[in-house]
Amino acid sequence: RPHIRDCTVPDNNPPSGAYRSLLQNPPLSYRETTKLLWTRLLLVSLCFIAGTTPASRLAINIMGNAVRKDGTAQGVAKVRHWESLHPPEKRLYHDPYAFAMFSGSIIQQWMGPALIDRVYRWMGMGGFSEMISVRTKWIDDQIEEAISNENAPAKQLLILGAGYDTRGFRLDLWKNDKDFTVIEVDQPEVQMGKLKNLLWLSNRRDEDGQRIADRMGTTKVQFLPMDFNKDDLQQKISSHAGFRCNVSSVVTMEGVTQYIPKESTADTLKKLRRIVSPGSTALITYVDQKCLGDLETLPRQYRWVRNLAAKAGEPWISGWTKEEFEKFLKECGYEVVSDTSQEDYNDTYLKDVGRQLEGEDLLNMERFVIAKVL
């Protein structure tokens, strides 16, 4: 059959959608296509075997998971697993636990990072995985910098909306302070699922599993279940036995603010400010206001990401401009130190591993903020 690039398209009938994507990117090889077709067939078969029919009622994301309460948390775990599948010299970080945090990791491992990336691009989501991976790497670096600060090193890490975050196990946060504590805060249902996964991993008796057992056994990593709709955050956290009030801390709100009302974000930040010491570090991500505009006016990658979030039952509802977010944080008692996006790390993180992005693959949808408690 003729090569796709040999096909001609009349000027008065420009290509669109998936066909345009095929014209812009080299086609999958015969082997890659076969793997992709078998993967999709297997996923559909699993859905029917699991009794999830009728299929038309299932909102299935790009890797085959049905909608569930931890849908976005699983999506992030998938990206971290995808990143970890890259060769050591090509990856931004390694998460040896991500594979156990979502369904279908064995299929993703079989497909490999290159084929998965091609599928994303064919679907119009080029650069999405890199955006999540850059965010993960950025937060990793900022946490390690906060605990290594010579003047006021952080004594504890508070992860709000932790999902399937594994930083308490994959990062060495105790090299400067053996009493350092990681406290994960999330919904009870999500934490219960995560704890089951961690228990399974710890029973594997390998080095990674032993690390989980050691850090949970010595309470270096602790879990605080909280219903964000009912519980008082300040009271809940400050009364937790493992939390130390008014000490230098680093707090993360990764991929959280776009899913909740702005008033809720403000309330959370103001209450946090009362229980940590001045100078503590807050690492917060937020969605650029332009991404919440009319879907029809947005680039296709932006439309895809928003639609996936909505199908997972967690639509984006809040966004800010850079100037608005700085003012917002100031009103909450924080000072912005830096406000960056994926593009700012294209020439550092991604260039260092030979994976620089170009053009529409640079998704500056989400911004990364370092703020200090005043």
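Provided above is the structure to which this section pertains.
So, how was this worked out
- Residues numbered from 1 in each chain as written.
- Predicted model: local features only at pLDDT ≥ 70, side-chain atom pairs only at ≥ 80, totals over all residues.
- Heavy atoms only, no water.
- Pairing = 2+ DSSP bridges.
- Helix = DSSP H or I, 4+ residues; strand = E, 2+ residues; numbered from the N terminus.
- Axes fitted to C-alpha atoms, helices over the stretch in contact; angles between N-to-C directions.
- Contact = heavy atoms within 4.5 Å.
- Core = buried A, V, L, I, M, F, W, Y, C linked by side-chain atoms within 4.5 Å.
- Buried < 20%, exposed > 50% of the residue type's maximum accessible area, 1.4 Å probe, protein only.

## What to know about the sheet that holds strand 1 (residues 156-160)
Backbone-to-backbone hydrogen bonds pair the strands of a sheet. The strands run either parallel or antiparallel. Pairing is mixed in the open sheet, where seven strands are placed in the order 3-2-1-4-5-7-6. Of all strands in the sheet, those with a lone pairing partner are strand 3 (221-225) and strand 6 (334-341), marking the two edges. Looking at each pair of strands side by side, their axes are set apart by 20° on average, direction ignored. Across five bridges, the pairing between strand 2 (residues 181-186) and strand 3 is parallel. Counted as the bridge partner of Val 185 is Leu 224 from strand 3. Seen against the sheet, helix 7 (residues 188-202) touches strand 2 and strand 3 and runs at an angle of roughly 150° to strand 3.

## As for the nonpolar core
Formed by 40 residues in total, the largest nonpolar core has its most connected members in Trp 138, Leu 157, Leu 173, Phe 180 and Val 182. Counting only elements with at least two residues in this core, the list comes to helix 3 (71-84), helix 5 (128-147), strand 1, helix 7, strand 3, helix 13 (346-352) and strand 7 (366-373). Tallying contributions element by element places helix 5 first for this core, with six residues. If sequence neighbours within four positions are ignored, Val 182 has contacts with Leu 157, Ile 159, Gly 168, Leu 173, Trp 174, Lys 220, Val 221 and Gln 222. Listed in part, the 29 residues of the second largest apolar core include Leu 160, Val 251, Met 253 and Tyr 286.

## Looking at the environment of Thr 136
Relative to the helices and strands, Thr 136 is located in helix 5. Each C-alpha atom of the pair Thr 136 and Tyr 93 lies 8.4 Å from the other, and the pair is 43 residues apart in sequence. Residues in contact with Thr 136, not counting those within four places in the same chain, are Arg 80, Tyr 93, Arg 167, Arg 170 and Glu 254.

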